[in-house]
Amino acid sequence: MEGNKGSSELGRILGFGLLIILAFAGYAKFGIPLVIPEPPPHEEKITGAMTKDQFIAMGEKIFNGKGTCTLCHSKVGGRAPILDEGTGVAGRAMERIKDPLYKGKAKTVEEYIRESEEDPSAYVVAGYGKPGTNDTVSPMPATNKGAIGLSEVEINSLIAFFEHMAGQDVTVPLPTGEAAPAAASAEAAPPKPAATAVEAFNKYGCVTCHVVPGVAEGGDMGPNLTKLAKEADSRKKGMTGQAYIIESISTPNAYVVKGFEPDIMPSDFAQKITMSEMNLIVNALLGKK
Ligand code: HEC
Ligand code: HEC
């Protein structure tokens, strides 16, 4: 019985891998996406100043998109506290500040959320610190620089989004003048298929968790991928490096790299990444041009 279960499990993984590889080999050169991209969102023209509602909506878009927040702050995996359920993080911010373990500088909800985004280790939510640091170091990258690199206006829009969710007054300034249309157009840009591996790594937030070839700054929640070209062939017996990398991206839990935990890397990339982008990513990780 045991043996049977084992071999059918193996068959399932191999079958799935084969399917992906066949699809990959067949379609990669045509750049056919795995999924039909959604039509570009309706663009709202913003001139002059942004209304409070527009600014809150912008924050929500950044939370679910460009900010890469939901790569970690989502129900899948549970590696970061959920920020957008009930009254959300703004609803509990004052309790955080009153915690005897709180060592940050924030006095208000706005300051707490800003500090969490710009200096995540100022206060680490119990149980979520980097392994081995006794909750003194946050695994969250600062979102106002490095791989995520949000502007001050974008960080403010996130704060407005969270304050609104908790039924609180929006305390951040609304963008006016030049800042308003610039902020709106940055968000309204429809997602284009990436043209280079570096674009793809940025588009899908790989750089939030990995150091990848061609990008100087990257996160360390996942393994450094710049040495993978040498290791991929020997990761799994009987599996080529190319097949292993495709499997790692499509089904991250199929093989968990030593020293790292399962359920951290999102498992829905295969539904989002187009075939041409997958091609770019896999070749870059294999060290090919
Ligand atoms: C790579 C994973 C990761 C990404 C990406 C990430 N975070 Fe976090 N975040 C965490 C973890 C883990 C914690 C809990 C540890 C801590 O307190 O720093 C956290 C904590 C927070 C907190 C404090 C939560 C609380 O309950 O007090 C806020 C606010 C926050 N993040 C906002 C954001 C926003 C906004 C974004 C996107 C712009 C973002 N994070 C992106 C991992 C991440
Ligand atoms: C929220 C963090 C996170 C994001 C975002 C993420 N990964 Fe990962 N990744 C991990 C972790 C943690 C591991 C190690 C555990 C495992 O093997 O599943 C991993 C493992 C891998 C591996 C196997 C590495 C090895 O040494 O064998 C590859 C390849 C990989 N990721 C590629 C990617 C690519 C490409 C993207 C973007 C499309 C991406 N990851 C996005 C966290 C992440």
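No experiment lies behind these values; they were computed from the predicted model shown.

Here we come to the site of ligand 1. Around ligand 1, 29 residues are found, and the nearest of them are C69, C72, H73, Y112 and M140. The side chain of H73 places a nitrogen or oxygen atom 2.8 Å from a nitrogen atom of ligand 1. Here S138 contributes a side-chain N or O atom positioned 2.6 Å from an oxygen atom of ligand 1. Listing elements by their share of the shell around ligand 1, those giving two or more residues are α3 (88–98) and α4 (109–118).

Where α4 contacts helix α5 (residues 152–165), the two axes come as close as 10 Å, and the packing angle between them is 130°. What the angle tells us is that α4 and α5 run oblique. Crossing of α4 against α5: the hand is right-handed. Seen from α4, the contacting residues are V109, E110, I113, R114, E117 and E118; seen from α5, they are E152, I155, N156, L158, I159, F162 and E163. Of the residues in the contact of α4 with α5, the class split is six nonpolar, one polar and six charged.

This part covers the pattern of salt bridges. If you walk through the whole model with that rule in mind, you get seven salt bridges. Between E110 and R114 there is a salt bridge, and its shortest N-O distance comes to 2.8 Å. You can see E110 and its partner R114 sitting in helix α4, four residues apart, about one turn around the helix. Judged by its relative accessible area of 18%, R114 falls in the buried class. Ionic pairing is found between D220 and K130, a salt bridge with its closest N-O pair at 2.8 Å. One end of the pair, D220, is in the loop between α8 (206–209) and α9 (228–235); the other, K130, is in the loop between α4 and α5, and 90 residues separate them in sequence. Classification of D220 by relative accessible area gives partly exposed; the value is 48%. Since its relative accessible area comes to 25%, K130 is described here as partly exposed.

Scoring rules and cut-offs
- Residues numbered from 1 in each chain as written.
- Chains lettered and ligands numbered in written order.
- Predicted model: local features only at pLDDT ≥ 70, side-chain atom pairs only at ≥ 80, totals over all residues.
- Heavy atoms only, no water.
- Near = heavy atom within 4 Å.
- Polar contact = N/O pair within 3.5 Å; in protein donor to acceptor, adjacent residues only side chain to side chain.
- Helix = DSSP H or I, 4+ residues; strand = E, 2+ residues; numbered from the N terminus.
- Axes fitted to C-alpha atoms, helices over the stretch in contact; angles between N-to-C directions.
- Parallel < 35°, antiparallel > 145°, perpendicular 65-115°, else oblique.
- Left-handed = near helix turned anticlockwise from the far one by under 90°.
- Contact = heavy atoms within 4.5 Å.
- Nonpolar A, V, L, I, M, F, W, Y, C, P; charged D, E, K, R; others polar.
- Salt bridge = Lys/Arg side-chain N within 4 Å of Asp/Glu carboxyl O.
- Buried < 20%, exposed > 50% of the residue type's maximum accessible area, 1.4 Å probe, protein only.

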